[in-house]
Amino acid sequence: MANVILKNLTKKFDDVVAVNNMNSTVEDKAFVVLVGPSGCGKTTVLRTIAGLEEATEGDIYIGDRLVNDIAPKDRDIAMVFQNYALYPHFNVYDNMAFGLRLRRIPKLEINRMVHEAAKILKIEDLLKRKPKQLSGGQRQRVALGRAIVRDPKVFLMDEPLSNLDAKLRVQMRTEIAKLHQRLNATIIYVTHDQTEAMTMADKIIIMKDGIVQQTGGPQEVYDHPNNMFVAGFMGSPAMNFLDAAITDRMILKGGMFELNTADRIKKIIKDNNLIGKEIVLGIRPEDLEDSNFVQNIPANSTINANVEVTEPMGSEIYVYVDIEGILITARVNPKSKCRSGEKASLCVDIDKMHLFDKDTEKSYI
């Protein structure tokens, strides 16, 4: 296996900058996820690493080797695509063996490698079937098997689970994570699904408009987002944002609420000289609870608002309330009696609030 280093990587399509001056390192044997909305440049990064697109500027290293001018077939990578890219007229065995035959590997060695990969992926009984005889999950396993048999330095995966149903996606997430542990592989994985990113990655690279917004471990980027984009993108349901002003008593005051601040928030206010300034307040849905289920509610830690919609989820209820024309979401106790058209009192965990600059949208730390 090997690390992957991107130095000042830029990719342009005519006047469109798809990737803008990206500097990132994927450590050896790491599972790194590139995540962001459609069109943010994450697939372009992957295709440039693979050699399917040529970098406009910058350098790409796989291991100690500069690969900018090296053909894709010689970069020692394997790519797993969103649409599986299986040959329909080949059976599973021949699909997995095809790349090995092109490399003129002996027949007995090919047979060993294919059966070994099939055993890892539990598709040994499918080797004689054609792709049209397989389910979506089985086809994805074959695509993974075709990559595994090559024993590459780096696996590149471009939204490999997006064509699967929700239940199968969860199962395949687990399978790919187990595969990573078993192979000790270096994996770069692209997705727009932040749940996949949070559950699978050692490190997440979050992109927007071709620019890296933040890099870090899953919990790090969730707990300490650099800006409002990262805060809103990572988490489901998304973080709530409300305009507020900071009074001389360090109270966050909005049109319909006044919230006290915990010691951590007070320190942020002092360190950034925020008294008297307007900011954007960020509150995650799980940090809002129906006040009826909170003991010893601190002073000035509740928001009262009209309930617009409720969504019972079994283990919790999503409650959507209107605050000054903004719909915010709370994840509350499943026994909550919050109902549409009624008022609700939501208790805020005042130690877990986030403060953002209103102009730059950067997080205050």
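Residues numbered from 1 in each chain as written. Predicted model: local features only at pLDDT ≥ 70, side-chain atom pairs only at ≥ 80, totals over all residues. Heavy atoms only, no water.

Caption draft 1: Layout of the pairing of strand 7 (residues 154-158). With respect to burial, strand 7 is a largely interior element, five of its five residues being buried. Both strand 6 (residues 77-80) and strand 7 contribute to a ladder of four bridges, which runs parallel. Bridged to Val80 within strand 7 is Met157. The pairing of strand 7 with strand 8 (residues 186-191) spans five bridges and is classified as parallel. Among the inter-strand pairings, Val154 is bridged to a residue of strand 8, identified as Thr186. Tracing the backbone out of strand 7, into helix 5 (residues 166-183) and back to the parallel element strand 8 gives a crossover that is right-handed. (Buried < 20%, exposed > 50% of the residue type's maximum accessible area, 1.4 Å probe, protein only. Helix = DSSP H or I, 4+ residues; strand = E, 2+ residues; numbered from the N terminus. Pairing = 2+ DSSP bridges. Right-handed = clockwise from strand over helix to strand, strands pointing away.)

Caption draft 2: Layout of the packing of helix 4 (residues 136-148) against helix 5. Helix 5 packs onto helix 4 with a crossing angle of 20 degrees between their chain directions and a minimal axis gap of 11 Å. Taken together, the axes of helix 4 and helix 5 are roughly parallel relative to one another. Handedness of the crossing formed by helix 4 with helix 5: right-handed. Facing Gly136, Gly137, Gln140, Arg141, Leu144 and Ile148 of helix 4, the residues of helix 5 in contact are Leu168, Gln171, Met172, Glu175, Ile176, Leu179 and Leu183. Partitioning the contact of helix 4 with helix 5 into residue classes produces seven nonpolar, four polar and two charged. (Axes fitted to C-alpha atoms, helices over the stretch in contact; angles between N-to-C directions. Parallel < 35°, antiparallel > 145°, perpendicular 65-115°, else oblique. Left-handed = near helix turned anticlockwise from the far one by under 90°. Contact = heavy atoms within 4.5 Å. Nonpolar A, V, L, I, M, F, W, Y, C, P; charged D, E, K, R; others polar.)

Caption draft 3: Up close: the packing of aromatic side chains. Within this structure, the stated rule accounts for six aromatic pairs. Aromatic ring contacts, followed pair by pair, group Tyr87, Phe90 and Phe98 into a single cluster. Across the ring face of Phe13, the terminal group of Lys11 is positioned such that the distance to the ring centre comes to 4.9 Å. Taking the ring centre of Tyr222 as reference, the NZ or CZ of Arg284 above it sits at 3.8 Å. (Phe/Tyr/Trp six-rings, centres within 6.5 Å; stacked < 30°, edge-to-face > 60°. Lys NZ or Arg CZ within 6 Å of the ring centre and 35° of its normal.)

Caption draft 4: Molecular detail of the pattern of salt bridges. The full count for this structure, using the stated rule, is 15 salt bridges. In this structure, Lys358 engages Asp243 in a salt bridge whose closest nitrogen and oxygen atoms are separated by 4.0 Å. Taken together, the positions of Lys358 in the segment after strand 20 (354-357) and Asp243 in strand 11 (residues 240-246) put the pair 115 residues apart, joining distant regions of the chain. Under the relative-accessibility criterion, Asp243 is labelled partly exposed at 42%. When the shortest N-O distance is used, the salt bridge between Asp349 and Lys352 registers 4.0 Å. Beyond isolated ion pairs, a larger network of salt bridges with shared partners links Glu109, Arg112 and Glu116. (Salt bridge = Lys/Arg side-chain N within 4 Å of Asp/Glu carboxyl O.)

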